[in-house]
Amino acid sequence: MGSVPRRLKTGIIGCGNIAPAHAQALAVLPQSEFWACADVDSAKAASLASEYSVRHCCATLDELLASGIEALMVCTPHKSHEAIVTRAAEAGVHVLCEKPISVELAEADRMIAAADAAGITFGVVFMRRFWPAAQRIHQAIVSGAIGLPTFGMCQALLWRPESYFAQAEWRGTWAGEGGGVLMNQAVHVIDMLQWFMGSVAEVYGKYDTLVHGNYIDVEDTVAATLTFASGALGLVQAITTIDPQLGYRVSVHGSNGASLSVWENPEGTQGFNDIWTLDPTGEQRARWEQEERDQPGFPAFHILQIEDFLQSIIEGREPAVTGAEARKSLAIIEAIYESSRTGQPIRFAESPS
Ligand SMILES: NC(=O)c1ccc[n+]([C@@H]2O[C@H](COP(=O)([O-])OP(=O)(O)OC[C@H]3O[C@@H](n4cnc5c(N)ncnc54)[C@H](O)[C@@H]3O)[C@@H](O)[C@H]2O)c1
């Protein structure tokens, strides 16, 4: 007889755009009993609660934490992440927070410290790491199949219309979003690039607002160079003015000449390996592409990461993406902003890991 899986009472705070990706996971995963949700906008909380038959529909974080939840998904705007995560940690509730971890390293450090002090599990959503195509590149690097990685590049080649920024007050502002294409979109592929390439030692970058300036004050165009602690070099290209968009891409080259790449195009679909020179005939790569290109993209990989997170609590191990791991992409982004403002390269005193 199989053992009965442990179910954790789960909840969501912030019932906006991304909440359904979490709700679908919490409703179907055997590790979850979808217990409570909350939003400062009571209509949004009520709508999610009724769609997913959630037991407790709450107006405040305090009410949510008092409902008996054991694990909380934080789906609120960037600037609210710190206060919610630290309060949940103090209440002994495990937390999976949407990306970016926060918009300042000082905030991230307080969040990580609060989680450590409370002994709770703290993870951050970077669901693209769960694509088979991304796992394959990571594994190829770890196994030494490309020698030493010598060059890595990440690209967010996206389109965001004026209507996107008009959806909510917090979007497109330094005060609400903490940045533009780097902080909100490119953070996904910056996380993946540093996961592939290792710690970053130096950053030099420029950002500007070249097209969307009439309705946002954050950047829409970024170019940056990276020097990794290993000595490898890298590039970050992040743009939200490309119409039609060309998706997200992360590519690496190794000291034995190999090139590997993962491409998500269009945005929201599953990434596939568009370059894989370790397979000279190209047959294996073509087979993977056929298998994965038409598979569900968004939100299937939220389900995988949320399952890993809940399972990590049950097993008492670290989740796939910890708060400390998510801090690394924020450190790179903060350094690109600082470099652009000062005109200087930013060297990390010690690696941002
Ligand atoms: N992983 C992904 O692919 C992905 C995609 C979209 C958004 N996100 C992230 O998810 C988060 C939310 O983004 P969104 O697009 O869903 O935003 P949104 O504006 O659509 O929804 C945010 C919701 O949070 C509520 N809210 C705001 N402050 C609150 C508070 N203090 N307490 C309770 N509720 C509060 C708002 O009323 C709103 O309903 C952001 O961190 C964003 O970067 C991740």
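If you're wondering where the values come from, they're calculated on a predicted model, not measured in any experiment.

Participant: Honestly, the packing of aromatic side chains in this entry has me stumped. Any pointers?
Facilitator: Evaluated as defined, the whole model comprises 9 aromatic pairs. Relative to Y337, the ring of W174 lies with its centre 5.0 Å away and its plane at 75 degrees, an arrangement referred to as edge-to-face. Of this pair, W174 sits in helix α8 (residues 174–177) while Y337 sits in helix α12 (residues 323–342), and the two are 163 residues apart along the sequence. Since its relative accessible area comes to 4%, Y337 is described here as buried. With centroids separated by 5.3 Å and ring planes inclined at 85 degrees, the aromatic side chains of Y207 and Y337 adopt a geometry described as edge-to-face. Here Y207, found in strand β8 (residues 200–208), pairs with Y337, found in helix α12; they are 130 residues apart in sequence, far enough to count as distant. A cation over an aromatic ring shows up here: R136 above the ring of W288, its NZ or CZ 3.9 Å from the ring centre. One Lys or Arg, R160, reaches over the ring of Y164 and ends 5.0 Å from the middle of that ring.

Participant: I would appreciate a short explanation of the domain arrangement of the protein chain in the present structure.
Facilitator: Think of interface size as the accessible area that goes away when the parts come together; that is how it is often given. Partitioning the protein chain into domains gives domain 1 (8–127 + 302–322) and domain 2 (128–294 + 330–347). For domain 1 versus domain 2, the separation of C-alpha centres amounts to 26 Å. Contacts between the two partners involve 19 residues from domain 1 and, on the opposite side, 19 residues from domain 2. Taking both sides of the interface into account, the surface hidden between domain 1 and domain 2 amounts to around 1,700 Å²; carbon and sulfur atoms contribute 66%. For domain 1, the biggest contributors to the area lost against domain 2 are L105, F126 and M127; these three give 35% of the whole. Remark: the boundary between domain 1 and domain 2 carries 0 salt bridges. Our count for the contact surface shared by domain 1 and domain 2 stands at 8 residue pairs in polar contact (both at pLDDT 80 or more).

Participant: Looking at this structure, how should I read the environment of F34?
Facilitator: By the secondary structure assignment, F34 is in strand β2 (residues 32–38). Separated by 21 residues in sequence, F34 and R55 place their C-alpha atoms 7.6 Å apart. Those residues in contact with F34 that lie beyond four places of it in its chain are T10, G11, I12, A23, L26, A27, L48, Y52, V54 and R55.

Participant: Would you take a moment to explain the site of the ligand for this structure?
Facilitator: Close to the ligand lie 25 residues, the nearest being D39, H78, K99, W170 and R171. Between an oxygen atom of the ligand and a main-chain N or O atom of N17, the distance comes to 2.9 Å. Taking I18, its main chain carries an N or O atom lying 2.9 Å from an oxygen atom of the ligand. Relative to its free-state accessible area of 860 Å², the ligand is covered by the protein chains to the extent of 83%.

Participant: Would you take a moment to explain the pairing of strand β10 (residues 233–239) for this structure?
Facilitator: It is a general feature of regular strands that their side chains alternate between the two faces of the sheet. Strand direction decides the pairing type here: strand β7 (residues 149–157) and β10, joined by 7 bridges, are parallel. Along β10, the bridge assignment pairs G152 with G234. Across 7 bridges, strand β9 (residues 221–228) lies against β10 in antiparallel orientation. Opposite T227, over in β10, you have L233 as the bridge partner. Between β9 and β10, which pair antiparallel in sequence order, lie 4 residues; one of them, G231, sits at a positive phi of approximately 100 degrees.

Participant: Explain unusual backbone geometry to me, please; I cannot follow it from the model alone.
Facilitator: Following K99, the chain continues into P100 via a peptide bond in cis, with omega recorded as -20 degrees. With respect to the secondary-structure elements, P100 resides in the loop between β5 (94–97) and α5 (105–118). A cis amide bond links N265 with the next residue in sequence, P266, at an omega value of 0 degrees. By the secondary structure assignment, P266 is in the loop between β12 (259–264) and β13 (272–276). Even without being a glycine, S53 presents a positive backbone phi close to 50 degrees.

Cut-offs used in this document
- Residues numbered from 1 in each chain as written.
- Predicted model: local features only at pLDDT ≥ 70, side-chain atom pairs only at ≥ 80, totals over all residues.
- Heavy atoms only, no water.
- Phe/Tyr/Trp six-rings, centres within 6.5 Å; stacked < 30°, edge-to-face > 60°.
- Helix = DSSP H or I, 4+ residues; strand = E, 2+ residues; numbered from the N terminus.
- Buried < 20%, exposed > 50% of the residue type's maximum accessible area, 1.4 Å probe, protein only.
- Lys NZ or Arg CZ within 6 Å of the ring centre and 35° of its normal.
- Domains from an automatic or database assignment.
- Contact = heavy atoms within 4.5 Å.
- Buried area = accessible area lost by both parts, 1.4 Å probe.
- Salt bridge = Lys/Arg side-chain N within 4 Å of Asp/Glu carboxyl O.
- Polar contact = N/O pair within 3.5 Å; in protein donor to acceptor, adjacent residues only side chain to side chain.
- Near = heavy atom within 4 Å.
- Areas by Shrake-Rupley, 256 points an atom, 1.4 Å probe, with all protein chains shown as cover.
- Pairing = 2+ DSSP bridges.

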